[in-house]
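Listed below are the residues making up each chain.
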Amino acid sequence: MNIDEFRKHAYQTVDWICEYFENIEKYPVRSSVKPKDVYNQLSLTVPAKGESFDEILNDFKSTIIPGMTHWQHPRFFAYFPSNNSFPSILADMIINSMSAQCMSWATSPAATELEEKMMEWLREAIGLPKQFKGVIQDTASTATLCALLTAREKVSNYEVNKSGFNKNQRYRIYCSSEAHSSIEKAIKIAGFGSNNLVKIDVDSQFSMDSKRLNEAIEKDLSDGYTPLAIVAALGTTGSVAFDPLHEIAKISEQYGIWLHVDAAYAGTALICEEERWMLKGISAVDSFVFNPHKWMMISFDCSAYFIKDEESLIRTFEILPEYLKTNEAERVNNYRDWGIQLGRRFRALKLWFTFRSFGIDKMKEIIRNHILLAKNLETKISKLPYIEILAPNKLNVLCFRFKPITMSDELEMEKLNQSIMEEINDSGFAYFSHTKLNGKYTIRFVIGQSNVKEEHVLETWEKLEEIYNRKVNT
Ligand SMILES: Cc1ncc(COP(=O)(O)O)c(C=O)c1O
């Protein structure tokens, strides 16, 4: 493809993208292909001769698109969203075109310095204290791993990095039983052993019981363990529950334990000042992660990781072979030393384009609207005698199940709710995902897709009720 052909096909591709967004509601939200449907349509080997772009684009439309789930569809109510926006897409086009490898300041000074500034903008936008320094990671999973590795090194006086664990280093890490699986994964990777992750029971709101946390720490101390880190969730994945940060903060300060906050989804709500209640206790927090690639309209991937003592982070990861030495190293940030990977994408550009194009006021308006839509739906459905609300809704995620007045068998109820959810998902009209809360099958209604409007919520609710009525009356 030469430059003239590239120009032609780039316009063609942008036209396709625009048509995609114009027609997004015509797509089934969730792909209905079966395993290997896509794979079996693909050529067995790499083509020997180049093919025309028209052929490639046509095959993309006929083979790949049916196998895609449409995360930008306004009736995507599953998991947590992965929102993008037009300015973010445009920035990504430029990032991909330049394909700069931004590991060091010297390999693209603007990428490093824009990242520094964007992390300051983000810090201010979500109301974090000034002591936090930020770096973009790919995902919250990576950020949490970085936090636990840094805590490990700081507590072991950087010995584990050098000599590995010795038998006296019996570290314990604490999170709630509702915390995300990425924490357990990080524990395994960091070498602590998953048996040393202590899952603390939650209260009736699915928030960590801080009294139990205190008891667990006391017991571990008396058994000869070293409490190393606590991971507090601000917005759990199951029900968007909030651990009591101010209580946990006191405990972490009392025992001198690293406190990491996982606000992967809910962190975006902090741009709205009225949602900063969840930050009470933040002054004791050592590290904090949230994902602008979830709810903040920054295309996947972009995870914002903040740390107070960035020296400890750098000391944990820094490694300086001759070929990476640069003249100005003392005076600049080399973000390759702020995390696991060496090579880094130029993600800051997406933040810059998106913040400048929307303005923070517009972004707040969008988030507030999602929260309002969820509150309105909650008011409407919580009155219905056949609806059981299974968790408090603090932001924009409703956890509920259908519970016919005449039905009391748990298994029967699980089957009913599962079949309602499967039917709407199979229809392509909307997409939901579930969890279990207190052992009860729970439908999660996440109202956070950037393009969602009241009509999408209401028509989807009608559809769910229609399916429910049909199922219980036949
Ligand atoms: C609370 C929470 N933490 C962590 C993660 C992991 O996020 P990532 O995919 O960025 O690693 C998720 C994903 O949904 C999450 O909900």
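Residues numbered from 1 in each chain as written. Predicted model: local features only at pLDDT ≥ 70, side-chain atom pairs only at ≥ 80, totals over all residues. Heavy atoms only, no water.

Once that is clear, we can look at the site of the ligand. Contacts to the ligand come from 13 residues, most closely from A140, S141, T237, D262 and N291. Measuring from an oxygen atom of the ligand, one finds a side-chain N or O atom of T237 at 2.8 Å. The pocket occupied by the ligand, as judged from atoms lying within 2 Å of grid points, is the second largest pocket. Contributions of two or more residues to the shell around the ligand are made by α5 (140-155) and α10 (292-295). Each residue belonging to the shell around the ligand can be placed in one class, and the counts come to three nonpolar, eight polar and two charged. (Near = heavy atom within 4 Å. Polar contact = N/O pair within 3.5 Å; in protein donor to acceptor, adjacent residues only side chain to side chain. 1 Å grid on protein atoms, 1.4 Å probe; cavity = no way out; pocket = protein on both sides within 12 Å on 5 of 7 lines; lining within 4 Å. Sits in = over half its atoms within 2 Å of the grid points. Helix = DSSP H or I, 4+ residues; strand = E, 2+ residues; numbered from the N terminus. Nonpolar A, V, L, I, M, F, W, Y, C, P; charged D, E, K, R; others polar.)

Our focus in this paragraph is the environment of I200. Counting through the fold element by element, I200 comes out in strand β3 (residues 197-200). Judged by relative accessible area, which is 3%, I200 ranks as buried. As a C-alpha pair, I200 and L213 span 13 residues in sequence and 6.1 Å in three-dimensional space. Apart from the residues within four sequence positions on either side, I200 is in contact with Y174, C175, S176, S177, M208, D209, R212, L213 and A216. (Buried < 20%, exposed > 50% of the residue type's maximum accessible area, 1.4 Å probe, protein only. Contact = heavy atoms within 4.5 Å.)

Attention now moves to the nonpolar core. Of all hydrophobic cores here, the largest spans 72 residues; its most connected members are F288 and F306. If sequence neighbours within four positions are ignored, F288 has contacts with I126, L128, L234, H260, V261, A263, L270, L279, I282, A304, Y305 and F306. Grouped together as the second largest cluster of nonpolar side chains are 31 residues, L145, C175, I307 and I314 included. (Core = buried A, V, L, I, M, F, W, Y, C linked by side-chain atoms within 4.5 Å.)

What follows is about the pattern of salt bridges. Applying the stated rule across the entire model yields 31 salt bridges. D4 is the salt-bridge partner of R7, the closest N and O atoms lying 3.6 Å from each other. Here R7 pairs with D4, and both are found in helix α1 (residues 3-22), just three residues apart, close to one helical turn. (Salt bridge = Lys/Arg side-chain N within 4 Å of Asp/Glu carboxyl O.)

A volume near 610 Å³ is recorded for the largest pocket. Lining the largest pocket we find 22 residues, and of these Y20, F21, Q72, N84 and I89 sit closest to its centre. For the lining of the largest pocket, the elements supplying multiple residues, two or more each, are α1, α2 (53-64) and α3 (86-98). Sorting elements by how many residues they give to the lining of the largest pocket places α1 first, with five residues. A per-class count over the lining of the largest pocket returns 12 nonpolar, nine polar and one charged. Taken as a whole, the second largest pocket encloses approximately 520 Å³ of empty space. (Points joined across faces, edges and corners; volume = space filled by probe spheres on them.)

In this section: a nonpolar patch on the surface. Where nonpolar side chains cluster on the molecular surface, the patch consists of V14, L90, M93, I94 and M98 and spans about 430 Å² of accessible area. If one sorts the elements of the nonpolar patch by residue count, α3 sits on top with four residues. Turning to its location among the elements, M98 is positioned in helix α3. Accessibility expressed as a relative area gives 58% for M98, which makes it exposed. (Patch = residues over 30% accessible without salt bridge, like charges linked within 9 Å, V, L, I, M, F, W, Y side chains within 5 Å. Areas by Shrake-Rupley, 256 points an atom, 1.4 Å probe, with all protein chains shown as cover.)

There is a patch of like negative charges on the surface, built from E51, D54, E55 and D59. Note on placement: D59 falls in helix α2. With a relative accessible area of 43%, D59 lands in the partly exposed category. (Lys, Arg positive; Asp, Glu negative; His and termini not counted. Charge placed at Lys NZ, Arg CZ, Asp CG, Glu CD.)

A few words on the sheet that holds strand β6 (residues 287-290). Across the sheet, which stays open at both edges, the seven strands sit in the order β1-β7-β6-β5-β4-β2-β3 with mixed pairing between neighbours. Edge positions in the sheet fall to β1 (133-137) and β3, since each has one partner strand and no second. Going from strand to strand, the sheet's axes swing by 20° on average, the running direction of each strand aside. Of the pairings in the sheet, the one linking β1 to strand β7 (residues 303-307) comprises five bridges and is antiparallel in character. Across the sheet, the residue bridging to V135 is Y305, located in β7. (Pairing = 2+ DSSP bridges. Axes fitted to C-alpha atoms, helices over the stretch in contact; angles between N-to-C directions.)

As a further point, take empty space enclosed by the protein. Remark: the empty space left among the atoms is shown by a probe the size of a water molecule rolled over them. Under the definition given, this model contains one cavity of 30 Å³ or more. When its volume is computed, the largest cavity comes out at roughly 60 Å³. Every residue along the wall of the largest cavity is listed here: V135, I136, Q137, D138, Y335, W338, G339, I340, Q341, R344 and R347. Per-class residue counts for the lining of the largest cavity are five nonpolar, three polar and three charged.

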